[in-house]
Structures are given as C-alpha cells and as structure tokens.
Amino acid sequence: MHLKEGCVIGLVKLESISKTFTTESSKVVALEDVSLRVAPGEIFGIIGLSGAGKSTLVRCINMLEVPDKGRVYVDGLEITGLGSKELREARKKIGMIFQNFNLLSSRTVLENIVFPLEIAGLEKEKRLEKGRNLLQLVGLEDKEKAYPSQLSGGQKQRVGIARALANDPKVLLCDEPTSSLDPQTTRSILKLLDTINKEFGLTIILITHEMDSIRQICDKVAVIADGRVAECGKVVDIFTSPKHKATKALIRGTGHIDTPDWAVEILEASSQAPDRKLVRLSFVGESTGRPVVSSIIRDFGVDINILTAQIDHIRSAPFGVMLVELSGDDDSVEKSLDFLERIGVSVEVIDDVSDFLAKVNGR
Amino acid sequence: MFDHRFVQIIAGSLGETLYMVGVSCALAVVFGLPIGVVLVTTERKGILENPGVNQVFGVVVNIGRSIPFVILMVAIMPFTRLLTGTSIGTTAAIVPLTVAAIPFVARMVETSLREVDQGVIEAAQAMGASPWEIISKVLIPEAMPSLISGVTITAINLIGYSTMAGAIGGGGLGDLAVRYGYQRFRGDVMFATVVILVLLVQGVQMFGGTLARRVEKRRS
C-alpha cells in the first residue's frame, strides 16, 4: 500500500467531532468532542452500547452525516472541507459496508459488485473482470447471476464487502456488519475482514456492540459512551485493564473476570492466614504458554489458590485472566509479583483478602 | 346481432380510444415521472433537498389533481387549440387527458420511489454516486415493479376519462355510447360498448400485473 508521509499520524483522523440531532421536541447530543486517529493498516474497532453515537461517528467519516463541528481527514485530505463534487470523488476511495447490506435488489450479485466501478466510469470489460476477481475473493463465484433475495445474510454481506472493495479503497468502514448475522456467520465474516486486512494492508474501521468481534480481529479499540470517547487504546490493554465503567460493562463475560459471589465464599472458607492478597493476573501472548503458577510456588514459597480462570484469544494472540488468592510472607509475595511482571504478566493487586472481605460484607 | 357497418363503427371507436389512451398515457409518464422524481428528491432529507421547490411542485400537482376532468377539458381549450390547431376531435382530446394524468402519475411515481430502501440510497451515496446516478441507477430500477403498477392504474383511469372526452366530441367508445346508445336508443350498441370497455380494462390490468410480477420475480 502506498503511503504518504503524513500518514504516520493517522490515515483517518477525527478532530473534535460534535454532532447534535435536533427534532421538533428535543435535542439529542450524538457526539461531543470526539477525536480519534486510525493508523494505516490497522483494524480499529469502535464499540459502544446502542445509542452511544458510534454509528453516527463512522458516518461522519464519509460525510453521510455532516458533523456540526470538527474536522475529518482521510489520507491527508480534509473531508469536511470538500465541495459536493470533490466529496463524491473522495468517497470512491472510502469503502463502506452496512448492517442491512443495502444491496440493489434489481441487480444480480455481479452487477451489484461492479456498481461502484460503473459510477467511477470504468469500461465494461474491465468492470466485469474485476467483479469476477472480487467474487472469487469473497468465495461466491457460483452466485454471479443470483439476485440478492436468493442469498443468505452472510452471503449478502460478502457481496457487500466485494462491492466496497471494488474501487480499491484506502479504508473500509464497517457499520455493524455482523449485527444481523448468527454467531457462526459472524465469525466467517470477521475472518474475511481479517484476511483482507492482512493480504492487502487495508485499513478497517469496525463499528460493533459486540466485544467479541473486537477481540477477534481488532488491533485497537475506542469505547464510545454518551457521545464521547470513554477509553481508547490497544485491544489487549483495554481487555486486561478496563478503566471506564462502560468498558467494564461491555467486557463482562468476554475474557474479563469480575469477582463473583462464589469466589467470596471460597475466600471466607479458606485458611485464616493473615497475609493473603487477592490478585488478578492477565496473560497475553507468550506468557500464556509458561507454567508461571508452579514456578512461583516452587521458587518463592508462596501459596496460590486459583479462584477463577479463563483463556481466550485476542486477534491471534492467546489471552488469559486468572483471579488468585496469594499467600505467604510479604517479601515472598512481593518477589513473586515482581517476577510475574518481569515475564510479561500484567498484575493487579485488588486488595488484601481481609480488607476485601470486610468491604464485601460491609456493603 | 350487429350488421357489418356497426362492427366497423365499433372497431373504429375502439381504435380511437386506444389511440387517445395510449398517447396520453405515454405523454403523462414522460412528464409525470420527472415531476415525481422532483417531489421525492427535493423533500426533507432527500438527495436534492429543497423545501421551496418541493412545496411549489406539491401545490401545483395538488391543484392539477383537484380540478374535475370535465371542467379541466373546457378550461384548457385555448391551450389545446394552440397545440393541436383544434379543440375537438380525438387528437385534441389527448391534450386534456395528458394534462389530467400528469399530476396523477407524478403522485404515483412519488409513492413508488419513496418505498425504495433509504439504506440502498445511502450505500450509493457512500460510493460517490451523483444525484442523477442515484435517480437513474438506483431509485427508478429499484422501484420498477411498483412503477409499472402505477402506470397500469393510470392507463385504466385514462380509459375512463377518455369516455368523458368522447362526450364532447373526442371520439372513441364513449362518444359511440352517447351518440348511438343514448341519443338513438340503441341499447345493443350501449351494451357492446360497455362490454368492450370492461374487457379493455381487464386486459390492461392483466398485462400490467403480469409485467410487474415478471420484473419482481426475476429478482426473487
């Protein structure tokens, strides 16, 4: 992929985007002062509960929704400052797929895919050749002459993806592309997006309300809550140490472990040794493969009681979270935590067990 | 029942009716389709949003639709004469028929185009399609089955209107019914005329329905 120098700072750049929808009876603030940078070649997830403003945000990137304030840059070009003709040209390099696929029912699969090429003025022979290549890419060679109504949801989205790629876009905007698909189809569509990203280095912006989708294919994620960016960073970091309550709510159940009630019971029932700490250990990448628990028990003479554990994958890296009760003398505990951090395990000491139990029982 | 002469007269009248209805229907589509497109595209949130234009067209179309056909026919006689050189006869009748049908077609087109999925229009916009490309490549093709049904209804209405035009010298089956059936008490002619009109309406409806279904079916 050819990149201009300015791209390093962000292929897609949003600066202080604000948008308010005014109806006769009320004003709804959809976005307030949102700034984001998406680097070339990455899959950037934007997640939020419904109504958080994430869809409005992605639609501001190609000006389907015109922001009230702020600027949008794509590949160094300020989209917000364009006239209607220039905007149409710029849009040809910004692909988009939708939750409801939005295919033309009057056209066959192939005719749908070459539609953007028709608009771009490419001659028919070349259109069809490119269209057939794209059909192959999304695995629908045999559906060339079918009409959208004859396809399943997953197939329709594949056509949508092929259509969005027709003009060799610099970035692909995905507005909840899997929200109306079943889990299995969702996985296959995400996998296709992942393949496209890896093979062509295409930058992808994925809007979703499913943390699972973010976990599967995104490099970075922005959490949108109440029209603002609540949190933004690498997916691994957001998963291992979510800070905002919206993030915690979204993560619950996908790779992040809260302290469940039954863990409290176990803690109360276990030995009454004084120096016990409740610790959350998050393993990412390499460290997941190492026998860390047994080595700290052996090398530092501490005891570990595993309360709950979970292993999952973020994009292609294994990722695990473990909630443990760690006991031993202060020095050994300190040393073992140091050791864990050194080998790449992220450690969060939640509390001393006695303090923790006091808090839980006191509420 | 009928002698040879009557068969000839009826056939001639049928020809006149088909001529009037065919030409005025075609002209009404030619003028009504763009007006319908303007009504849809200039409305709020439309691809060529323009409240002023939208209101003007809306009012004009409503005025056109509220004038009774008989009155319209008489009122635009000078205009008819200007265009065709005469205000009576089959060709002259085409003018008021067309004028009456244009606003009707415009509303039909408006309703059909509005049914097109907003998301599909948005997808086209996101691809960088111009308003004209959206109209010609998205709105009209997507609404085609519904547009065909609309034209069918228009043609049937025009058959009805054409009999009224006949009453003031436009020729056609209506004229035949009035001159022979009513003024000369020829019940058999009246009956034959009505039967032909019923068959004609039935035929147009069947043809339009089949065509619309065929276009629709190709897609499913």
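As a reminder, the structure under discussion sits directly above these lines.
Read on for an overview of the structure. (Residues numbered from 1 in each chain as written. Chains lettered and ligands numbered in written order. Predicted model: local features only at pLDDT ≥ 70, side-chain atom pairs only at ≥ 80, totals over all residues. Heavy atoms only, no water.)

This part takes up the pairing of strand β4 (residues 69–74) of chain A. All names here are of chain A. Judged from the five bridges that link them, strand β1 (residues 12–22) and β4 form a sheet pairing that is antiparallel. Within β4, the residue paired with S18 across the bridge is K69. One ladder, built from two bridges, connects β4 with strand β5 (residues 77–78); its direction is antiparallel. Bridged to V74 within β5 is L77. Counting the residues in the hairpin turn of β4 and β5 gives two residues, including D75, whose phi is positive at 55 degrees. (Pairing = 2+ DSSP bridges. Helix = DSSP H or I, 4+ residues; strand = E, 2+ residues; numbered from the N terminus.)

Its identity is not glycine, yet D226 of chain A carries a phi of approximately 50 degrees, on the positive side. Along the chain, D226 of chain A turns up in the loop between β9 (220–225) and β10 (228–234). Backbone geometry at F185 of chain B places phi at a positive 50 degrees, although glycine is not the residue there. Inspection of the secondary structure puts F185 of chain B in the loop between α8 (172–182) and α9 (187–217). Using a relative accessible area of 74% as the deciding quantity, one classes F185 of chain B as exposed. (Buried < 20%, exposed > 50% of the residue type's maximum accessible area, 1.4 Å probe, protein only.)

Once that is clear, we can look at the environment of G170 of chain B. All names here are of chain B. Among the structural elements, G170 can be located in helix α7 (residues 131–170). The exposure class of G170 is buried, given its relative accessible area of 2%. In the structure, G170 is positioned 150 residues away from M20 in sequence and 8.9 Å away in space, judged by C-alpha atoms.

Attention now moves to the packing of helix α6 (residues 153–165) of chain A against helix α7 (residues 183–200) of chain A. All names here are of chain A. Look at α6 against α7: their axes get within 10 Å of each other, and the N-to-C directions meet at 20 degrees. Regarding the angle of α6 to α7, the classification is roughly parallel. With respect to the hand of their crossing, α6 and α7 are arranged in right-handed fashion. Contact residues: α6 offers G154, Q157, R158, I161 and L165, while α7 offers T185, S188, I189, L192, L193 and I196. In terms of residue class, the contact of α6 with α7 is built from six nonpolar, four polar and one charged. (Axes fitted to C-alpha atoms, helices over the stretch in contact; angles between N-to-C directions. Parallel < 35°, antiparallel > 145°, perpendicular 65-115°, else oblique. Left-handed = near helix turned anticlockwise from the far one by under 90°. Contact = heavy atoms within 4.5 Å. Nonpolar A, V, L, I, M, F, W, Y, C, P; charged D, E, K, R; others polar.)

Before going further, it helps to spend a moment on the layout of surface pockets. Approximately 900 Å³ is the volume found for the largest pocket. Forming the boundary of the largest pocket are 27 residues, of which L64 of chain A together with K45, G46, E49 and Q125 of chain B lie nearest the centre. Among the elements of the structure, β1 and α2 (84–91) of chain A together with α6 (118–126) and α7 of chain B are those that each provide at least two residues to the lining of the largest pocket. Its residues assigned to classes, the lining of the largest pocket shows eleven nonpolar, seven polar and nine charged. The computed volume of the second largest pocket comes to approximately 270 Å³. Contributing to the lining of the second largest pocket are 16 residues, with L103 and S105 of chain A together with D117, V120 and E142 of chain B lying nearest its centre. Examining the composition of the lining of the second largest pocket, we find that three residues originate from one element, α7 of chain B, more than from any other. Among the residues forming the lining of the second largest pocket, the class breakdown is six nonpolar, six polar and four charged. (1 Å grid on protein atoms, 1.4 Å probe; cavity = no way out; pocket = protein on both sides within 12 Å on 5 of 7 lines; lining within 4 Å. Points joined across faces, edges and corners; volume = space filled by probe spheres on them.)

Take the packing of helix α1 (residues 4–41) of chain B against α9 of chain B next. Residue and element names in this part refer to chain B. Close contact between α1 and α9 brings their axes to 12 Å; oriented N to C, the two are set at 40 degrees. Here α9 runs oblique to α1, going by the angle between their axes. Both α1 and α9 take part in a crossing whose hand is right-handed. Residues F6, I10, L14, T17 and L18 of α1 lie in contact with α9, whose contacting residues are V189, A192, I196 and L200.

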